[in-house]
Amino acid sequence: MKPSDITSQDIILTGDRTTGSLHLGHYVGSLRNRVLLQDRCQQFLLLADAQALTDNMGNYLKVRDNVLQVALDYLAVGIDPAKSTIFIQSLVPELTELASYYLNLVTVSRLERNPTIKDEIKQRGYERDIPAGFLTYPAAQAADITAFKATSVPVGEDQIPMIEQTNEIVRRFNASVENPVLVEAKAMVPEVGARLPGIDGKAKMSKSLGNTLTLSASADEIRQAVKMMYTDPNHLRVSDPGQVEGNVVFSYLDAFHPNIELVKRLKDHYRLGGLGDSVIKQHLEECLQELLAPIRQRREEYARDPAAVLAMLKEGTARARQVAAVTLSEVKAAMGLNYY
């Protein structure tokens, strides 16, 4: 499913782990779509502090403090809390209760076979010392999605197995009760394609790899990041033909530059030779400076009044709890747990 397929009947559930400020990869992968979609459908955005704790319990202050930072990024890019419900995951206990029921519908071996979980376990070097909360996260995510009866969940291609497992849980639950109440969701993959590479040329822009450019980056930080960007290592002289594929600067120009024809001309020129890396980097820097300057300014304005941001989060969390409580009541009634 693509963002262009979304209609007013759809309900979207998405969010971010609160482990640090958001970066350009988040912007390309989800944030700019959220801004567009909030005028077209109902949208719930969770600040996933509870999920972040599954592998950050020893550094819980980082998770707590970044709730406000991620909320500031949401507001700075144009997410409107009057149109999108922004809420704090850990303050919606209905999600935890739903997850506890869903864990009875999935086996440990199935959780371990989830490709996304397998990859992340390997990346973190857990081997068999896996935090139980981390291993069972697919059930918790199923609770997040089904609590709001989301029909669409924006994800990268690597996260599609998580949505598939959510739908397995939905089908198992609905088959086990007389009155099915849960709704299956579709994965919505960004139309830009693959995730944005890191500024160092690594396949993934990641906070843990230190190869990101945050949305709050200063003008000087943007300039330095573009200077450091990986291009074509064989493009040693301006006159040499250059390779566009795998060239991070062109990946970013494709993602952010509004003038598609200009980018095409730059690619053609670079392939033929006669176009220096400094020229294409200059085009990219100008583009990123224009994109991030207003985001940075809005973020600074919101940051001056953190109490107002927290009040917004309190209101959004209250709205989210009301919706989740209805779903939880329906689930318990379907299981016959409505004793009085």
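What counts and what doesn't
- Residues numbered from 1 in each chain as written.
- Predicted model: local features only at pLDDT ≥ 70, side-chain atom pairs only at ≥ 80, totals over all residues.
- Heavy atoms only, no water.
- Phe/Tyr/Trp six-rings, centres within 6.5 Å; stacked < 30°, edge-to-face > 60°.
- Buried < 20%, exposed > 50% of the residue type's maximum accessible area, 1.4 Å probe, protein only.
- Axes fitted to C-alpha atoms, helices over the stretch in contact; angles between N-to-C directions.
- Helix = DSSP H or I, 4+ residues; strand = E, 2+ residues; numbered from the N terminus.
- Parallel < 35°, antiparallel > 145°, perpendicular 65-115°, else oblique.
- Left-handed = near helix turned anticlockwise from the far one by under 90°.
- Contact = heavy atoms within 4.5 Å.
- Expected span 1.5 Å × (residues − 1).
- Domains from an automatic or database assignment.
- Buried area = accessible area lost by both parts, 1.4 Å probe.
- Salt bridge = Lys/Arg side-chain N within 4 Å of Asp/Glu carboxyl O.
- Polar contact = N/O pair within 3.5 Å; in protein donor to acceptor, adjacent residues only side chain to side chain.
- Pairing = 2+ DSSP bridges.
- Right-handed = clockwise from strand over helix to strand, strands pointing away.
- Core = buried A, V, L, I, M, F, W, Y, C linked by side-chain atoms within 4.5 Å.

Asker: Summarise the packing of aromatic side chains; cite the residues concerned and give the values.
Answerer: The description of an aromatic ring pair rests on the distance of the ring centres and on the angle between the ring planes. Applying the stated criterion to the full structure yields 6 aromatic pairs. Taking 5.4 Å as the distance between ring centres and 75° as the angle between the ring planes, the aromatic pair formed by Tyr126 and Phe134 counts as edge-to-face. By relative accessible area, Tyr126 is classed as buried at 17%. Here Phe134 falls in the buried class, since its relative accessible area comes to 4%. Feature note: the residues Tyr27, Tyr252 and Phe256 constitute an aromatic cluster, connected by ring pairs.

Asker: Quick one: what's the story with the packing of helix H1 (residues 24-37) against helix H11 (residues 248-256), residue by residue and with numbers?
Answerer: Running from amino to carboxyl end, H1 crosses H11 at an angle of 30°, the nearest separation of the two axes being 11 Å. Here H1 lies roughly parallel to H11, going by the angle between them. As H1 runs across H11, the sense of the crossing is left-handed. Across the interface between the two elements, Leu24, Tyr27, Val28 and Arg32 of H1 pack against Tyr252, Ala255 and Phe256 of H11.

Asker: Break down the side chain of Thr85 for me, citing the residues and quoting the values.
Answerer: Within the element layout of this structure, Thr85 appears in strand S3 (residues 84-88). With relative accessibility at 10%, the residue Thr85 sits in the buried group. Sequence-distant contacts of Thr85, that is, excluding residues within four places in its chain, are made with Gln43, Phe44, Leu45, Gly316, Arg319 and Ala320.

Asker: How would you sum up helix H9 (residues 160-176)? Please name residues and give values.
Answerer: An ideal rise of 1.5 Å per residue puts 24 Å on 17 residues; H9 measures up with 25 Å between its terminal C-alpha atoms. Turning to H9, its buried residues number three or more, namely Pro161, Met162, Ile163, Gln165, Thr166, Asn167, Ile169, Val170, Phe173 and Asn174.

Asker: Summarise the environment of Asn167; cite the residues concerned and give the values.
Answerer: Locating Asn167 in the fold gives a position in helix H9. For Asn167 and Leu182, which are 15 residues apart along the polypeptide, the C-alpha to C-alpha distance reads 9.4 Å. Those residues in contact with Asn167 that sit more than four places away from it in its chain are Glu184 and Ala185.

Asker: Break down the domain arrangement of the protein chain for me, with residues and values.
Answerer: Domain boundaries in the protein chain define domain 1 (11-195 + 306-335) and domain 2 (216-300). Each of domain 1 and domain 2 has a C-alpha centre, and the two are 33 Å apart. Between domain 1 and domain 2, the contact holds 10 residues from the first and 9 residues from the second. Taken together, both faces of the contact between domain 1 and domain 2 bury some 870 Å²; the carbon and sulfur share is 61%. Considering only the side of domain 1, the residues that lose the most area to domain 2 are Leu24, Tyr27 and Ala76, jointly responsible for 53% of the buried surface there. In this assembly, domain 1 and domain 2 are joined by 1 salt bridge. Of the charged contacts in the structure, one is a salt bridge between Asp73 and Arg299, with a shortest N-O distance of 2.6 Å. Linking domain 1 with domain 2 are 4 residue pairs in polar contact (both at pLDDT 80 or more), by the criterion used here.

Asker: Just give me the short version of the pairing of S3, but keep the residues and values in it.
Answerer: Of all 5 residues making up S3, 5 are buried, and the element is well covered by its neighbours. Residue alternation in S3 divides its side chains into two sets, Ser84, Ile86 and Ile88 and Thr85 and Phe87, and both sets are buried. The pairing of strand S2 (residues 42-48) with S3 spans 5 bridges and is parallel. Along S3, the bridge assignment pairs Gln43 with Ser84.

Asker: Give a detailed account of the pairing of strand S1 (residues 11-17), specifying residues and quantitative values.
Answerer: Along S1, 5 of the 7 residues are buried, which leaves the element largely enclosed by surrounding structure. Handedness of the β-α-β unit built from S1, H1 and S2 comes out right-handed.

Asker: Please set out the nonpolar core residue by residue, giving values where relevant.
Answerer: Counting residues in hydrophobic clusters, the biggest one holds 51 residues, and the most contacted among them are Leu24, Leu47, Tyr74, Leu215, Tyr252, Phe256 and Leu288. Counting residues per element, this core draws most heavily on helix H3 (residues 60-77), which supplies 8 residues. Both of domain 1 (11-195 + 306-335) and domain 2 (216-300) provide at least three residues apiece to this core. Beyond its immediate stretch of four places on either side in the chain, Leu24 contacts Leu196, Met205, Leu213, Leu215, Tyr252, Phe256, Leu288, Leu291 and Leu292. In this structure, Ala147, Ala150, Ile169 and Leu328 belong to the second largest nonpolar core, which totals 36 residues.

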